[in-house]
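# Structural overview
If you want the building blocks of each chain, they are given just below.
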Amino acid sequence: MGSSQESLNIGLPYCLDDMHLIITEKHDAASKIASILFQDCVASRVNGVPVYRSNKADAAVIGLAGHVVELDFPPEYGRWTAHPPSALIAAPVITVPTKKDIIGALESLAPSATRVTIATDYDREGELIGVEAYNIVRRLSKAPFDRVRYSSFARQEILGAFSKPTSLDFSLAAAGECRQEIDLVWGAALTRFVSLAGNRAGKDFLSVGRVQTPLLAIIVDREKEIQAFVSKPYWELAAVLLKGAEAFMARHKKGRFDNKEEAMAIYKKLGKAATVKSILRESKKEPAPTPFSTTELLKAASAIGFSAAGAMQAAEELYINGRISYPRTDNTVYPPTLDLRQAVGLFKASPEFAQSALELLAQRSLVPTKGKVESKDHPPIYPVACASKAQMDERHWKLYELVVRRFFATLSPPCEWDVVRAEVDISGEPFSADGKRLSAPGWRKHYPYGMPKEEVLPPLSVGDVLAVKKINLLEKKTEPPKRYGQGRLIELMEKLGLGTKATRHEALSKLYSRGYIEGNPPKPTQTGITLIDALRAHANAITTPDMTGKLEKDMDAIAESRLKKDDVVLESRKMLRAIFDQLEPRRADIGKALRAGAALDSDIGPCPICGSPLVIRETKADRRKFIACSGFPECRNTYNIPPGTLKFEKKICEKHRLHLLKVTPPSSRDKDGKTIKGKAYEYGCPACKKEAFYAQPTQK
DNA sequence: GCAAGGTC
């Protein structure tokens, strides 16, 4: 094995030996760093994983894909019924490889490394991901390790970071490991407990976790608030006034009348003339919106019809295709290294955006707005390439346009509103009319989303006498609070510290796929509601955001070496033990409640014998479908059903509380081979059919 | 078949 120096001397084009190995968190970062550090950057693959090499620099850069290992229990804990769920509290936890190809690539590069630099993201998870890579490489290499931290891919920043490397922060990584261990133990133990108690086998399991469960609790609590809401009637007085031929609306200043008589008495005394008493004109500035963090993007996308997961997926794809910057960021402040003028300049010739771009470029300076959060990992989300509508499908375009327009808006002046309030007297009663008109569009010219409606009043002066065209006595009622939309939920999660920029939308998707919520805005199912009720009663800690808050504090303490990871995990295991001591004696009750809740969500209905939800199952032998009780094996109730496509209707059998079944028999062929389509018919209640069947006199 | 966190 020659040194790279010798290899160079003998003129070998590329050399595998004796190199400086640089490890980044993701592929994209590897390619960017290689292009900055290397003049002779060559892309290659090791074990199928892209690696960027430089002969001159004797170096190689490899990108991971986030975590390459994860924590789990040893295989003997794999079967859920092999050990009681509580056994997981004290079970050993092992590290298992998840990205075998990347680990393989690290292992084949490790022996020839003379120096290893960890260049993962500049945050807690990044430190842990770096330590994971370190642990893999260290087994095969004695090379010295160092760590670089950078906040952007600006050339100077990267060069600066690599010129003064520091060392890995093992305390910070331990804080991340602590989170992993606690999340796994609590999540797995409680997930198994509620699933087994509720008799939810296979993919129908019920899950519980530090992030998903408090999120579900928020949705459930809101629903309970809505259900408990008692609507109250109230009345409003609205006058239609005429200035010449122009009509406008004025409202009684009291606003809401709780009793009709009071409103009626005023209504009756109102005459046909109104006098303008005062006019207040103001110009109000509305500042431009702040740059997009992930949460802000999801909020804005949610307002134009995206689901959180749908928006995130589209954003991810736009990023992969090089259209927008990294979509997972908390940052709402553009870094000083970002050349805003150049970024706007990309759109100079765009058919869709040239007008906005040219207008911005004509400004003397581009002063961006800034949000409250400034983080060091990634810039806010902004467009990095110009694309046109024809280059992508509708949903990608919709999101891309949102990102571009938001970027423009953040560089624009405030918009201005002319606001008018006219106080009007009608027969001694005070009324007022509000007008609002956009006088200077500012940023709203580029960002048309969520534009409030203009209300234009005719020109009025104090003393004007106006005709009262009509008085409306409006009967209204107080409305319950609205369900939280997905954007609002993501925002609430951020505020409560639940999840991260990269995972909040996943928690929401998880609630959908578990059948805890449905529709948009999400509404909790009975399964979701009973799960929260049961956990609140016996395992309250997992239903509140406080657990995350406590964990964050402990993690900070570990990072600052004030606490030891093992002590924090041990304390957490003790807490979970105490919860299980409460939970286990109530297992039967909890299971019953969970089954009863799920039964209300069932398409078929609750089992008339035990109350568990009925489900469709297939016989193993001939794959014939039948209805079975999900309380099996304790309850062995079943109903036969005819072959064909099944549809359970809204209508319910009074006697058994089951949904009536409609069957479309499978198509058949007549004797000429012609297809006869099955004709749908009402089969009725499966339980009634069974009773009728047994009531028949037995044949023979 | 479990969590949450990275990223593809």
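For clarity, every value in this text was computed on a predicted model and none was experimentally measured.

### Brief notes about the confidence of the model for chain A
Counting all residues, the mean pLDDT for chain A is 92, and 97% of those residues have values of 70 or more. Of all the helices and strands in chain A, helix α1 (residues 4-9) carries the lowest mean pLDDT, 37, while helix α7 (residues 212-228) carries the highest, 98. A low-confidence stretch, residues 1-15 (pLDDT under 50), is modelled with 17 contacts involving residues beyond four sequence positions or located in other chains.

### Quick notes on the protein's contact with DNA strand B
The full set close to DNA strand B counts 45 residues, and Ala65, Gly66, Gly187, Ser207 and Gly209 are the nearest of them. At the level of secondary structure, the elements contributing two or more residues to the surface near DNA strand B comprise α2 (27-37), β5 (69-72), α6 (170-197), α10 (308-320) and α15 (504-513). Of all the elements, α6 adds the most residues to the surface near DNA strand B, at eight residues. Of the residues assigned to the surface near DNA strand B, the class counts are 13 nonpolar, 16 polar and 16 charged.

### Some details on the nonpolar core
Nonpolar side chains tend to gather and get buried jointly when the protein is soluble and globular. Core analysis: the largest hydrophobic core is formed by 126 residues, its most contacted members being Ala60, Ile62, Ala133, Leu215, Ala311, Leu399 and Val403. With 14 residues, α6 is the single largest residue contributor to this core. Setting aside residues no more than four positions away along its own chain, Ala311 makes contact with Leu297, Leu298, Ala301, Phe306 and Leu399.

### Let's talk about unusual backbone geometry
A cis geometry characterises the amide bond from Asn520 onward to Pro521, with omega recorded as 0°. A positive phi angle is found at Asp58, which is not glycine, with a value near 50°. Mapped onto the fold, Asp58 is located in the loop between β3 (49-54) and β4 (59-63). In this structure, Ser427 is a non-glycine residue whose phi angle is positive, near 50°.

### Thoughts on the packing of α7 against α15
Where α7 meets α15, the axes come as close as 10 Å, and the angle between the chain directions of the two elements is 70°. In terms of orientation, α7 and α15 fall into the roughly perpendicular class. Residues Gln212, Leu215 and Leu216 of α7 pack against Ala507, Leu508, Lys510 and Leu511 of α15. Its residues placed into classes, the contact of α7 with α15 shows five nonpolar, one polar and one charged.

### A few points about helix α16 (residues 526-538)
With 13 residues, α16 extends 18 Å from end C-alpha to end C-alpha; this agrees with the ideal 18 Å at 1.5 Å per step. Within α16, burial applies to Thr527, Gly528, Ile529, Thr530, Leu531, Ile532, Ala534 and Leu535. As for α16, its buried residues are in contact with α6, α7, β15 (517-518), β16 (523-524) and α19 (587-601).

### Points about the domain arrangement of chain A
Where the parts come together, the accessible area they lose is often given as the size of the interface. Partitioning chain A into domains gives domain 1 (4-64 + 99-168), domain 2 (177-228 + 483-587), domain 3 (233-287 + 415-477), domain 4 (294-410) and domain 5 (605-695). Computed from C-alpha coordinates alone, the two centres of domain 1 and domain 4 are separated by 30 Å. At the interface, seven residues of domain 1 touch five residues of domain 4. Considering only residue class, the side of domain 1 that touches domain 4 consists of two nonpolar, two polar and three charged.

### Re the UniProt feature "active site" (unreviewed entry) in chain A
Per the UniProt annotation, the sites labelled "active site" (unreviewed entry) are Tyr326. Tyr326 gets classed as buried once you count the C-beta atoms within 10 Å, which come to 21. Excluding anything up to four places from it in sequence, Tyr326 contacts Tyr319 and His378.

### A few points about the environment of Tyr681
Among the secondary structure elements, Tyr681 is positioned in strand β24 (residues 681-684). For Tyr681, a count of 13 C-beta atoms within 10 Å gives the class partly exposed. Between the alpha carbons of Tyr681 and Val663 there is a distance of 5.5 Å; along the sequence they are 18 residues apart.

### Examining the sheet that holds strand β11 (residues 273-286)
Spatially, six strands are ordered β9-β10-β13-β12-β11-β14 in a closed barrel, and the strand pairing comes out antiparallel. Averaged over neighbouring strand pairs, the angle between their axes works out to 35° when direction is ignored. Relative to strand β10 (residues 246-252), strand β9 (residues 233-243) runs antiparallel, the two sharing six bridges. Paired with Leu241 across the two strands is Phe248, which belongs to β10. Along the sheet, helix α8 (residues 260-269) makes contact with β9, β13 (429-440) and β14 (465-477), crossing β9 at roughly 20°.

### Here we look at the sheet that holds β24
Ordered by their spatial adjacency, three strands build an open sheet running β20-β21-β24, and the pairing between neighbours is antiparallel. What marks the edges here is a single partner per strand, and that holds for β20 (645-652) and β24. Neighbouring strand axes in the sheet, compared pairwise and without regard to direction, differ in orientation by 35° on average. Pairing of strand β21 (residues 659-664) with β24, which is carried by three bridges, proceeds in the antiparallel orientation. The partner of Leu661 across the bridge, within β24, is Gly684.

### Things to note about the packing of helix α4 (residues 124-138) against α6
Relative orientation of the contacting elements α4 and α6 amounts to 100°, with a least axis distance of 8 Å. By the angle between their axes, α4 is roughly perpendicular relative to α6. Within the contact between the two elements, α4 uses Arg124, Glu125, Glu127, Leu128 and Val131 and α6 uses Phe170, Leu172, Ala173, Ala175, Gly176 and Glu177. Tallied by class, residues from the contact of α4 with α6 come to six nonpolar, one polar and four charged.

Cut-offs used in this document
Residues numbered from 1 in each chain as written. Chains lettered and ligands numbered in written order. Predicted model: local features only at pLDDT ≥ 70, side-chain atom pairs only at ≥ 80, totals over all residues. pLDDT = per-residue confidence, 0-100. Helix = DSSP H or I, 4+ residues; strand = E, 2+ residues; numbered from the N terminus. Contact = placed C-beta atoms within 7 Å. Near = placed C-beta within 6 Å. Nonpolar A, V, L, I, M, F, W, Y, C, P; charged D, E, K, R; others polar. Core = buried A, V, L, I, M, F, W, Y, C linked by C-beta atoms within 7 Å. Buried ≥ 20, exposed ≤ 12 C-beta atoms within 10 Å, placed from the backbone. Axes fitted to C-alpha atoms, helices over the stretch in contact; angles between N-to-C directions. Parallel < 35°, antiparallel > 145°, perpendicular 65-115°, else oblique. Expected span 1.5 Å × (residues − 1). Domains from an automatic or database assignment. UniProt positions renumbered as here; feature names shortened; annotations may be inferred. Pairing = 2+ DSSP bridges.

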